[in-house]
Amino acid sequence: MIVILFSEITKNITLSGLDTYCGFLHFDLNNRKSLTYDIIEEFRQQIVDKAVLTLINTKQVTTDDYDQTCNMLTLDARKLIISNIMNKINSQITYKKEKTTYANIIEKQVKGIKKLFNKRYTLCWILFKMVKKEY
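Asker: How do you make sense of the confidence of the model for the protein when you look at a structure like this?
Answerer: For any part of a model where pLDDT is low, the fine detail of the predicted coordinates should not be relied upon. When pLDDT is averaged across the protein, the result is 88; 84% of the residues are at 70 or more. Averaged pLDDT values for the elements of the protein fall to 75 in helix α4 (residues 102-134) and rise to 97 in helix α3 (residues 75-90).

Asker: When you look at the packing of helix α1 (residues 2-16) against helix α2 (residues 34-57) in this model, what are you seeing that I'm missing?
Answerer: When two helices pack together, their arrangement is given by the angle between the helix axes and by the axis-to-axis distance. Taken N-terminus to C-terminus, the directions of α1 and α2 make an angle of 130 degrees; their axes are 9 Å apart at the nearest point. What the angle tells us is that α1 and α2 run oblique. By crossing handedness, the relation of α1 to α2 is classed as right-handed. Residues Ile2, Leu5, Phe6, Ile9, Thr10 and Ile13 of α1 touch α2, and the partners they reach there are Leu35, Thr36, Tyr37, Ile39, Ile40, Phe43, Arg44, Ile47 and Val48. Here the contact of α1 with α2 is composed, by residue class, of 12 nonpolar, 2 polar and 1 charged.

Asker: Just checking my understanding: could you explain unusual backbone geometry for this structure?
Answerer: Glycine aside, residues mostly have negative phi angles, and peptide bonds mostly take the trans form. Even without being glycine, Lys59 reaches a positive phi, approximately 60 degrees. Take Lys59: it is sitting in the loop between α2 and β1 (66-67). In this structure Lys59 comes out as exposed when scored by relative accessible area, which is 64%. One non-glycine residue with positive phi stands out, namely Lys96, at about 55 degrees. Structurally, Lys96 can be placed in the loop between β3 (92-95) and β4 (98-101). In this structure Lys96 comes out as exposed when scored by relative accessible area, which is 67%.

Asker: Which parts of the structure should I look at to understand the layout of surface pockets?
Answerer: The computed volume of the largest pocket comes to approximately 220 Å³. Along its surface, the largest pocket is lined by Glu42, Phe43, Tyr95, Lys96, Glu98, Thr100, Ile105, Lys108 and Gln109. Of all the secondary structure elements, the ones that give two or more residues to the lining of the largest pocket are α2, β4 and α4. Classifying every residue of the lining of the largest pocket gives 3 nonpolar, 2 polar and 4 charged.

Asker: Help me out: how do you make sense of the nonpolar core in this one?
Answerer: The biggest cluster of nonpolar side chains holds 25 residues, and the ones touching the most others in it are Leu5, Ile9, Ile13, Ile39, Phe43, Ile47 and Ile85. Ranked by residue count, the leading element in this core is α2, at 8 residues. Contacts of Ile39, omitting those with residues within four sequence positions, involve Ile9, Ile13, Val110 and Ile113.

Asker: For this particular structure, what's the right way to read the pattern of salt bridges?
Answerer: Close approach of charged atoms lets side chains of opposite charge pair. If you walk through the whole model with that rule in mind, you get 4 salt bridges. Salt-bridge contacts for Asp49 lead to Arg44; the nearest nitrogen and oxygen are separated by 2.8 Å. A relative accessible area of 25% places Asp49 in the partly exposed class. Taking the relative accessible area as the measure of exposure, Arg44 reaches 26% and is therefore partly exposed. A salt bridge links Glu98 to Lys108; its shortest N-O distance comes to 3.4 Å. On the criterion of sequence distance, the pair formed by Glu98 in strand β4 and Lys108 in helix α4 is long-range, its members being 10 residues apart.

Asker: Looking at this structure, how should I read a nonpolar patch on the surface?
Answerer: On the surface, Met1, Ile82 and Met86 cluster together into a nonpolar patch covering about 220 Å² of accessible area. By the element assignment, Met1 lies in the segment before α1. Judged by its relative accessible area of 33%, Met1 falls in the partly exposed class.

Rules behind the numbers
Residues numbered from 1 in each chain as written. Predicted model: local features only at pLDDT ≥ 70, side-chain atom pairs only at ≥ 80, totals over all residues. Heavy atoms only, no water. pLDDT = per-residue confidence, 0-100. Helix = DSSP H or I, 4+ residues; strand = E, 2+ residues; numbered from the N terminus. Axes fitted to C-alpha atoms, helices over the stretch in contact; angles between N-to-C directions. Parallel < 35°, antiparallel > 145°, perpendicular 65-115°, else oblique. Left-handed = near helix turned anticlockwise from the far one by under 90°. Contact = heavy atoms within 4.5 Å. Nonpolar A, V, L, I, M, F, W, Y, C, P; charged D, E, K, R; others polar. Buried < 20%, exposed > 50% of the residue type's maximum accessible area, 1.4 Å probe, protein only. 1 Å grid on protein atoms, 1.4 Å probe; cavity = no way out; pocket = protein on both sides within 12 Å on 5 of 7 lines; lining within 4 Å. Points joined across faces, edges and corners; volume = space filled by probe spheres on them. Core = buried A, V, L, I, M, F, W, Y, C linked by side-chain atoms within 4.5 Å. Salt bridge = Lys/Arg side-chain N within 4 Å of Asp/Glu carboxyl O. Patch = residues over 30% accessible without salt bridge, like charges linked within 9 Å, V, L, I, M, F, W, Y side chains within 5 Å. Areas by Shrake-Rupley, 256 points an atom, 1.4 Å probe, with all protein chains shown as cover.

Structure representation (C-alpha cells):
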C-alpha cells in the first residue's frame, strides 16, 4: 500500500519540475524513481505503517481478510487500508506549532529540495564561470 504515498510524492516532484529519477540517496537505476524513494523514507512510517498497524491492532484487518487462493488481501480489506492511508495523508496534524496536513508537508519538503538544488546549481555555475575566466 506504499504505492499511495509513492504516487503522492511523485505528483509533487513532477509538479515542482524536478526529475523523479534523479535521487541523492538511492541509486539511479533504469525505471526507478530514485528521488521519490529518497523522500518516501521520511513519511512511510508516519503515514503508511501507522495506518496499516492501527487497522491490524484494532482488528479491523485480520487473517480472515487474507485470501490464500489469490495470495492477497480481500478487496474490502484493500479498500479499508487505502481509505485510511488517504485519510492520514489529508488529515489535520500539528507540525512545528502549525496546523497542516501530511500532503502540505510533502509539498513543502519537495519545494525545499528544489530550492536546495537550485542553490547548488547556481553555485556550481558561478564557480564554472570563474574557472573559465582564468583559462
